[in-house]
Amino acid sequence: MARLYALPPGADVAAGIARGLAERLAGEPPEVWARTLVFVPTARLRQGVIAALAQGARLLPRVRLIGDLAAMPLPGARLPPAVPPLRRRLELAGLIAALLDRAPDLAPRSALFDLADSLAALVAEMQEEGVPPDRLAALDTGAHAAHWQRTAAFLRIVAPFFDASAAPDEAARQRLAVAALGAHWVAHPPQAPVVVAGSTGSRGVTLELMAAVAGLEKGMVILPGFDPDLPAQVWEGMTDSATGEDHPQFRFRRLFDRLGCRPEAVRLWAPAPDPARNALVSLALRPAPVTDQWLVEGAGLPDLVAATGGMTLIEAPDPRAEAGAIALVLRRAAEEAGTRAVLVTADRTLARRVTAALDRWGIRPDDSAGRPLSLSAPGRFLRMTAALGERPPTAEALLALLNHPLAASGGDRGRHLRLTRALELRLRRHGPPYPDARTLIAFAADQEAEDWGRWLAGALAPRPEAPLAAQLDAHLALTAGLAAGPGAEGSGRLWEEAAGIEARAAMRALQDAAGAMAAPLSPADYTRLLDSLFSTREVRDTAPAHPRIMIRGTREVRAQGAELMILAGLNEGGWPALPGADPWLNRAMRQAAGLLLPERQIGLSAHDFQMAAGAPRVVLTRAARDDEAQTVPARWLNRLTNLMQGLPEKRGPQALAMMRERGREWLALAAAVEHPGPPVPRAPRPAPAPPVEARPQRLSVTEIKTLIRDPYAIYARHVLGLRPLDPLRMEADARLRGMVLHAVLERFVRETPAAEPREAALLRLSQTAAMVLAAEVPWPAACCLWQARIDRAAPVLLDWTAAMGGRPLAVETPGLIALESRFMLSGRPDRIDELPDGRLRLIDYKTGKPPNARVQEHFDKQLLLLAMMAEDGGFTELGPRAVASVVYLGLGASPEMAEVAVTPDLMGRMRTELAQLIDSYRQPRRGFPSRRAMQWEDHPGDYDHLARLGEWETTDPAVTLPVGLRDG
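No experiment lies behind these values; they were computed from the predicted model shown.

Chemist: Before we go on, may I ask you to explain the packing of helix 5 (residues 112–129) against helix 8 (residues 170–187) in this structure?
Modeler: In a packed pair of helices, the relevant descriptors are the angle between the two axes and the axis-to-axis distance. Two elements in contact, helix 5 and helix 8, have axes separated by 8 Å at closest approach and are oriented at 10°. Viewed along their axes, helix 5 and helix 8 adopt a mutual orientation that is roughly parallel. Contact residues: helix 5 offers Ala124, Gln127, Glu128 and Glu129, while helix 8 offers Ala171, Ala172 and Arg175. For the contact of helix 5 with helix 8, the per-class residue count stands at three nonpolar, one polar and three charged.

Chemist: It is not clear to me how the sheet that holds strand 22 (residues 883–890) should be interpreted in this structure. Could you clarify?
Modeler: Paired through their backbone hydrogen bonds, the strands of a sheet run either parallel or antiparallel. Sheet architecture is open: five strands sit in the order 17-20-21-22-23, paired in mixed fashion. Where the open sheet ends on each side, the last strands, each with one partner, are strand 17 (807–811) and strand 23 (896–901). For this sheet the average axis-to-axis angle between neighbouring strands, irrespective of direction, equals 25°. One ladder, built from four bridges, connects strand 20 (residues 831–834) with strand 21 (residues 840–846); its direction is antiparallel. Within strand 21, the residue paired with Ile832 across the bridge is Leu842. Across the sheet, helix 34 (residues 780–804) is in contact with strand 20, strand 21, strand 22 and strand 23; its angle to strand 22 comes to roughly 170°.

Chemist: I'm lost on the packing of helix 16 (residues 319–335) against helix 29 (residues 652–674) in this one. Help?
Modeler: Their axes nearest at 8 Å, the elements helix 16 and helix 29 cross at an angle of 100°. Comparing the axis directions of helix 16 and helix 29 gives the class roughly perpendicular. Residues Arg320, Ala321, Gly324, Ala325, Leu328, Val329 and Arg332 of helix 16 form the contact with helix 29, whose participating residues are Trp666, Leu667, Leu669, Ala670, Val673 and Glu674.

Chemist: Looking at this structure, how should I read the side chain of Arg841?
Modeler: Structurally, Arg841 is set in strand 21. A polar contact of 3.5 Å, which involves the side chain of Arg841, links it to the backbone oxygen of Gly805. Each residue touching Arg841, except ones within four places of it in the same chain, is listed here: Met804, Gly805, Arg831, Ile832, Asp833, Leu835, Ser885, Val887 and Glu899.

Chemist: Can you help me understand the nonpolar core in this one?
Modeler: The nonpolar side chains of soluble globular proteins are, as a tendency, buried together. With 81 residues, the main nonpolar core has Leu90 and Leu423 as its most contacted residues. For this core, the element with the most residues is helix 5, which contributes nine residues. Listed in part, the 66 residues of the second largest apolar core include Leu65, Trp269, Leu304 and Leu647.

Chemist: Sorry if this is basic, but what is going on with helix 9 (residues 204–214) here?
Modeler: Residues that lie three or four places apart on an α-helix share one face, since the helix turns once every 3.6 residues. Taken across its 11 residues, helix 9 has nine buried, putting it largely inside the fold. Every buried residue of helix 9 is accounted for by Gly204, Val205, Thr206, Leu207, Leu209, Met210, Ala211, Val213 and Ala214.

Chemist: I would appreciate a short explanation of the side chain of Asp844 in the present structure.
Modeler: Positionally, Asp844 belongs in strand 21. In this structure the side chain of Asp844 is engaged in a polar contact, spanning 3.4 Å, whose partner is the side chain of Lys846.

Chemist: Please explain the packing of aromatic side chains as it appears in this structure.
Modeler: For any pair of aromatic rings, the description consists of the separation of the ring centres together with the inter-plane angle of the planes. What the rule picks out here adds up to 12 aromatic pairs. Following the ring pairs from residue to residue traces out a cluster consisting of Phe226, Trp235, Phe252 and Phe256. Its guanidinium or amino end placed over the ring of Tyr921, Arg926 lies 4.2 Å from that ring's centre, counting from NZ or CZ.

Chemist: What should I look at first to understand the sheet that holds strand 9 (residues 366–367) in this one?
Modeler: Taken together, six strands build an open sheet; the order of strands is 7-14-13-8-12-9 and the sheet is parallel. Every interior strand has two partners, whereas the edge strands, strand 7 (311–316) and strand 9, have only one. Across two bridges, strand 9 lies against strand 12 (residues 549–552) in parallel orientation. Residue pairing across strands places Asp366 opposite Met550, the latter belonging to strand 12.

Conventions and cut-offs
- Residues numbered from 1 in each chain as written.
- Predicted model: local features only at pLDDT ≥ 70, side-chain atom pairs only at ≥ 80, totals over all residues.
- Heavy atoms only, no water.
- Axes fitted to C-alpha atoms, helices over the stretch in contact; angles between N-to-C directions.
- Helix = DSSP H or I, 4+ residues; strand = E, 2+ residues; numbered from the N terminus.
- Parallel < 35°, antiparallel > 145°, perpendicular 65-115°, else oblique.
- Contact = heavy atoms within 4.5 Å.
- Nonpolar A, V, L, I, M, F, W, Y, C, P; charged D, E, K, R; others polar.
- Pairing = 2+ DSSP bridges.
- Polar contact = N/O pair within 3.5 Å; in protein donor to acceptor, adjacent residues only side chain to side chain.
- Core = buried A, V, L, I, M, F, W, Y, C linked by side-chain atoms within 4.5 Å.
- Buried < 20%, exposed > 50% of the residue type's maximum accessible area, 1.4 Å probe, protein only.
- Phe/Tyr/Trp six-rings, centres within 6.5 Å; stacked < 30°, edge-to-face > 60°.
- Lys NZ or Arg CZ within 6 Å of the ring centre and 35° of its normal.

Dropping the structure here:
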């Protein structure tokens, strides 16, 4: 008879196992305790069982992990060693790479390691479930899409791994170990108890172990979260995996079928903390076809107000409020003596929010989820150095690498940081966007740091395609050199502390397995492999945590008992998570092959929910909205609330209202904690008024426009001496397009020969544009686009120039004049033409549309101011000359020309308005207001952050703020 025992939902699994063993082994001699063998599924449960058993003075049983069976010495069996998982992944990657070389249309090369990972998982699942490749080959794909037919052909590459002579992987060796152990037990029955505890048998090989133990005379199988309230007709209805897989108890039905027994054979191992609540949750989680039993069996439930007295429902408006309420619940638990509180969630973002909120009170929870190695300092550094071999680094990527705390950590770090800062300023101001070795060596020579330049330039050499072992050696040598610093030995601080040790272990594992993949890898493939490897490894936080405040994943509920359970993130897509996409087999093919269905994960999540919901005190939380849209409550929460609403005779609606009221109290407390207190006075819209002698005595004609639209920018630039930094990430933006256009036309005009034919001029303009673009624009797509735009506008430009007449007299010539108030005005017109009558025409190139007449009249006066300078002799080489007109040439998508005739009245008005404008800002009480007359409300200014834009509205009046030292 099968010896099956149950730990009901809500029971502390580790403590319950230990307590039950102590009761059943009471009076046994010490050697029986020592020979007792206990198998558990997780290391955390193993630690908990050992800790609970160690509280008494006794010999401890042998507590082993189920997953370690493959590595354990087995009596009477000699199994071949298992192939390490990483080596098997690389072997599969090599086979997939060869297949993609023969049939590149099967999948993109960039998916190589993703396909290898998913195929390795499929092979492991087939080994665990005992599904041979012949069964996949026998699947009828004729009724499926062509994609699945091609997939079936693709899967033939895994057949050699199932051959009897092939080295087994860990899953295959686990199945061999279970079979060997079961055979040994049949021949030599154990004389001491053998226990399998805490597993649901969701994996086929684990199910076989449980069956073997259940058949022993002294075997015991302890089922976690077994539901004793489930009626027989529900158990009998769970025969089809297609309809019952998502139920929390389905895996136990599978075990009963394997053992040939019924649920009545299960005996209680430990009592439930709250049987009334368990009955409520059990009824709420019935399979969908039998939820009509709510009306029948609901009458048998106890009073729901009493059953849910320890339950709270927090329905927060958003994730921030949810995290704040949870943090307060955990803080209260930390203040209660002896209370263990566990936050259970699948949402790592929510867990980080709660951790940040708890930091306010100095509470660090014990979070079981470590930090991915890829996000640790050594992980990031190794990924950065791997990416150097793929393509030339951008300025941004290069400086991110140089500023990394591990860069040059073995040498003179201070000197390195000083040079990095100087390099950043150089790259911001002068580029190039893709620094190369020549640029870095030249910069280092200017800084008298040739050794630093050579050290850095050597890291930029591209890596060719090579086998994995060669790629790995080159990458490790490069990384060690960059971590050590110029002239330093070793690898700096790269392999130090917990993250460095884990990174070192990951790279050594990759070195050990590198021989499994002989096919040459590109640097991009190598980088993707590294990203995949690091994403599967974690770094544990070694900082001390609160001993009674914990954060756990949903799977760990089976090993974690606590007086208070907080089940958070109860939304569809979070808990339960949506099943992942399977690139190999669809649902029907999986069912036909005997593999696990996607609903299995939902069923396991439901089992975790049912176990945690039975704790003495439970808090259920969800956010009604996430960052994108409204959320849908988790199906289990929906069922629970719907069931309670439908049982008024059991005071279900009243109990639900009380649960929600308790949740609203926590939300109100969280809102009070977040309340900012007394309102902070807003900053006024500034109009600083510095002393007159500190105000600018010289401006360019372009800055006159800025003085009209945003005077504060003139104050910040010329009085405070602040200059905006150029962006580190150079882009093909409108500013660069304008600079390129002006450079092209300046060069074209300067090199214009006499009497050049139109066709020759068009060809020369196109060739000039190509040369300038090649020198100034490192983005091929932008070069092609801008070249096409210039070629399209070139005929219109030449036609305009021919129609206007005149000859180029000056190109980009600087000018300067002094006004009566001793104020200097400077400017540099794009082009000045001389007309046949001796007068001048000033031309300004625009990459977009020319300003209209109203904008020219009130704001964009630079071209008319340049005309005034020309008439007043501001351009020394030309002398005072009359100006006939000014012309805007808009060379955008739709070329457009705007010409303004220059008259004495217009020039007189310009002189008067300019004098008035300059004199007005020489008044001591006149300030420089921020964003006085911006053309667009959303147009960003270089100094908006300094003016504290956002604390004031553009409709607020400017407040004059005297600044600077004054006499008296």
